[in-house]
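Coordinate analysis (summary)
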Amino acid sequence: MLSLSDPRWKELRHAYGEAADVPNLLQALASSTGPKADYQDEPWFSLWSRLCHQGDVYTASYAALPHIAHIASEADGPIDFSFFALPAAVEIARQTGRGPEIPEVCVDDYHRALEQLVENVSLHRNDAWDRSMLLAVAAAQAVAKGHIDIAEALLNLDADWIAKINNDEFD
């Protein structure tokens, strides 16, 4: 895993340019793992906007994902759904051509982090899960098992879509 103090973060890119600010966001995340009240709460708001901006991902996205998975594995108590949703969204974007190749320095750690998602689900299985967490967990497991289309559908489900599906409202 690329150390948070590694100077190569400056060579990686996110939606707004050089990714030198990502290590500080990941450090903040490590000290604030619980569920957030609002999508604009930090550090998730900045991580999402930099690493998966409008469905596109960047080289820094791949370097950050192992840290996100590791932080989730070390967290006690309930965690934010973004620990599962952001990695799923990054892999969906990568698999559907909305991001660059994974930098060689990140390849092995990135793939191990995807595998870690399944273990993280198990580690947090006794936490209370709201609908967002349930869908994010299911999407993360789908991504980890290579079911990208299902993961994308799960991340796009909302109350309206669920009601339409359950009521067979597709005329």
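One structure accompanies this document, and this report is about it. (Residues numbered from 1 in each chain as written. Predicted model: local features only at pLDDT ≥ 70, side-chain atom pairs only at ≥ 80, totals over all residues. Heavy atoms only, no water.)

Quick look at the overall build of the chain now. Counting its secondary structure elements, the chain contains 8 helices and 4 strands. Tracing the chain from N to C terminus, the helices and strands come up as β-β-α-α-β-β-α-α-α-α-α-α. Compactness check: the chain gives a C-alpha radius of gyration of 16 Å against a globular reference of 16 Å for 171 residues, within 12% of the reference. Taking the principal axes of its C-alpha atoms as reference, the chain extends roughly 55 × 35 × 30 Å. Per-residue burial for the chain yields a buried fraction of 43% across its 171 residues. Pairs at least 24 apart in sequence give 68% of the contacts found in the chain among residues at least 6 apart. When the accessible area of the chain is evaluated, it comes to approximately 9000 Å², of which 48% is carbon and sulfur surface. Considering the chain, the positive charge centre built from 12 side chains and the negative charge centre built from 27 side chains are found 4 Å apart. (Helix = DSSP H or I, 4+ residues; strand = E, 2+ residues; numbered from the N terminus. Rg over C-alpha atoms; globule rule 2.2 N^0.38 Å. Buried < 20%, exposed > 50% of the residue type's maximum accessible area, 1.4 Å probe, protein only. Contact = heavy atoms within 4.5 Å. Areas by Shrake-Rupley, 256 points an atom, 1.4 Å probe, with all protein chains shown as cover. Lys, Arg positive; Asp, Glu negative; His and termini not counted. Charge placed at Lys NZ, Arg CZ, Asp CG, Glu CD.)

Bringing the side chain of Thr 59 into the picture now. As for its position among the elements, Thr 59 is in helix α3 (residues 59–74). For Thr 59, the side chain forms a polar contact with the main-chain nitrogen of Arg 13, separated by 2.8 Å. Sequence-distant contacts of Thr 59, that is, excluding residues within four places in its chain, are made with Leu 12, Arg 13, Pro 100, Glu 101 and Pro 103. (Polar contact = N/O pair within 3.5 Å; in protein donor to acceptor, adjacent residues only side chain to side chain.)

Here Cys 52 is to be found in strand β3 (residues 52–53). For Cys 52, a relative accessible area of 11% puts it in the buried group. Measuring from C-alpha to C-alpha, the distance between Cys 52 and Ala 89 comes to 7.2 Å, with 37 residues separating the pair along the chain. Apart from residues lying up to four places away in sequence, Cys 52 is in contact with Leu 47, Val 57, Leu 86 and Ala 89.

Attention shifts here to the side chain of Asp 6. Note on placement: Asp 6 falls in the segment before β1 (13–14). Reaching out from Asp 6, the side chain makes a polar contact with the backbone nitrogen of Arg 8 at a distance of 2.7 Å.

With an omega dihedral of 0°, the bond running from Glu 42 to Pro 43 counts as a cis peptide bond. Relative to the helices and strands, Pro 43 resides in the loop between α1 (22–30) and α2 (44–51). Phi at Gln 54 takes a positive value of approximately 50°, unusual for a residue other than glycine. Along the chain, Gln 54 turns up in the loop between β3 and β4 (56–57). The backbone of Asp 168 sits at a positive phi, close to 50°, despite the residue not being glycine. On the secondary structure map, Asp 168 appears in the segment after α8 (159–166).

So, about the packing of helix α4 (residues 82–95) against helix α5 (residues 107–123). When two helices pack together, their arrangement is captured by the angle between the axes and the distance separating the axes. Following both chains from N to C, one finds α4 and α5 inclined at 140°, their axes separated by 11 Å at the closest point. Taken together, α4 and α5 sit at an angle that is classed as oblique. Two packed elements cross with a definite hand, and for α4 against α5 that hand is left-handed. Of the residues in α5, those in contact with Phe 83, Phe 84, Pro 87, Val 90, Glu 91 and Arg 94 of α4 are Tyr 110, His 111, Leu 114, Leu 117, Asn 120 and Val 121. Partitioned by chemical class, the residues of the contact of α4 with α5 number 8 nonpolar, 2 polar and 2 charged. (Axes fitted to C-alpha atoms, helices over the stretch in contact; angles between N-to-C directions. Parallel < 35°, antiparallel > 145°, perpendicular 65-115°, else oblique. Left-handed = near helix turned anticlockwise from the far one by under 90°. Nonpolar A, V, L, I, M, F, W, Y, C, P; charged D, E, K, R; others polar.)

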